[in-house]
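Secondary and tertiary structure notes
Below, each chain spelled out in residue letters.
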Amino acid sequence: SLLLLADAVAALLVFLMIALIDINLLGAMHWIGLSYNSVTCINLLLAIGLSVDYCIHIMHAFLLASGTRRDRAAKAMSDLGVSVFNGGVTTIIAVLPLAVASSYVFSVFFKMFLLIVILGLYHGLL
């Protein structure tokens, strides 16, 4: 992230958002009745890669914009907010067939991916 953003503070903020998404995902796992095992561990690792997508695009657009912080945030959201949101929606649509799966692995995969996308969009866009 530091090499791509060329701003240490921005890279640190993106890292914190990714860490918060994983921490929130661990907490949400408890509330939906999932235990920590190899399947959920793999999904937690996948969450890191997906979360980067939601956070880093908005941060990069913020860094490229000019003006006050509020103007830069508004510009970043107007330029990429809809695209990032559409990416999350299409990811949910892609994993939606797994909702009816009877296999434990696919069922967990659906629940965790749904949470990953919701938390990623929440932390990346808000």
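For the structure, see preceding data.
Residues numbered from 1 in each chain as written. Predicted model: local features only at pLDDT ≥ 70, side-chain atom pairs only at ≥ 80, totals over all residues. Heavy atoms only, no water.

We now examine the side chain of Asp22. By the element assignment, Asp22 lies in helix α2 (residues 8-31). For Asp22, which is buried and forms no salt bridge, the nearest opposite charge comes from Lys111, at a distance of 18 Å. (Helix = DSSP H or I, 4+ residues; strand = E, 2+ residues; numbered from the N terminus. Buried < 20%, exposed > 50% of the residue type's maximum accessible area, 1.4 Å probe, protein only. Lys, Arg positive; Asp, Glu negative; His and termini not counted. Salt bridge = Lys/Arg side-chain N within 4 Å of Asp/Glu carboxyl O.)

Turning next to α2. In this model α2 runs 35 Å from its N-terminal to its C-terminal C-alpha over 24 residues, within 8% of the 34 Å that 1.5 Å per residue would give. Taken as a whole, α2 has its buried residues at Ala10, Ala11, Val14, Ile18, Ile21, Asp22, Leu25, Ala28 and Met29. Where α2 begins, the side chain of Asp7 points an oxygen toward the backbone nitrogen of Val9, at a separation of 3.0 Å. Of the residues trailing α2, Gly33 is marked for its positive phi of about 85°. (Expected span 1.5 Å × (residues − 1). Polar contact = N/O pair within 3.5 Å; in protein donor to acceptor, adjacent residues only side chain to side chain.)

Turning next to the nonpolar core. Ranked by size, the top nonpolar core spans 21 residues in total, and within it Leu25 and Met112 carry the most contacts. Of all elements in the fold, only α2, α3 (38-64) and α5 (104-125) reach the threshold of two or more residues within this core. Setting aside its immediate chain neighbours within four residues, Leu25 contacts Leu44, Ala47, Met112, Leu115, Ile116 and Leu119. (Core = buried A, V, L, I, M, F, W, Y, C linked by side-chain atoms within 4.5 Å. Contact = heavy atoms within 4.5 Å.)

A few words on a nonpolar patch on the surface. Judged by side-chain polarity, Val9, Leu12, Leu13, Phe15 and Leu16 come together as a nonpolar surface patch covering roughly 500 Å² of accessible area. Here Leu13 shows up in helix α2. (Patch = residues over 30% accessible without salt bridge, like charges linked within 9 Å, V, L, I, M, F, W, Y side chains within 5 Å. Areas by Shrake-Rupley, 256 points an atom, 1.4 Å probe, with all protein chains shown as cover.)

This part takes up the pattern of salt bridges. For the structure on display, the rule yields 1 salt bridge. Note that Asp79 is salt-bridged to Lys75, the shortest N-O span being 3.2 Å. You can see Asp79 and its partner Lys75 sitting in helix α4 (residues 69-95), 4 residues apart, about one turn around the helix.

A word on α4. Under the 1.5 Å per step criterion, the end-to-end length of α4 is 36 Å for 27 residues, consistent within 8% with the ideal 39 Å. Its axis deflected by about 50° at Leu80, α4 carries its strongest bend there. Of all the residues in α4, the buried ones are Arg72, Ala76, Gly81, Val84, Gly88, Thr91 and Val95. Looking at the packing, one finds that the buried side of α4 touches α3 and α5. (Bend = angle between axes of the 7 residues up to and from the residue.)

The subject of this paragraph is the packing of aromatic side chains. Per the counting criterion, the structure on display carries 1 aromatic pair. A centroid spacing of 4.4 Å and a plane angle of 25° characterise the contact between Phe109 and Phe113, whose relative ring orientation is stacked. Here Phe113 and Phe109 lie together in helix α5, a separation of 4 residues that amounts to about one turn. By relative accessible area, which is 26% here, Phe109 ends up partly exposed. Overall, the relative accessible area of 10% leaves Phe113 in the buried class. (Phe/Tyr/Trp six-rings, centres within 6.5 Å; stacked < 30°, edge-to-face > 60°.)

What follows is about the environment of Cys55. Examined against the element boundaries, Cys55 turns out to sit in helix α3. Taking the C-alpha atoms as reference points, Cys55 and Gly87, 32 residues apart in sequence, are found 12 Å from one another. Among residues more than four places away in sequence, those in contact with Cys55 are Val14, Met17, Ile21 and Gly124.

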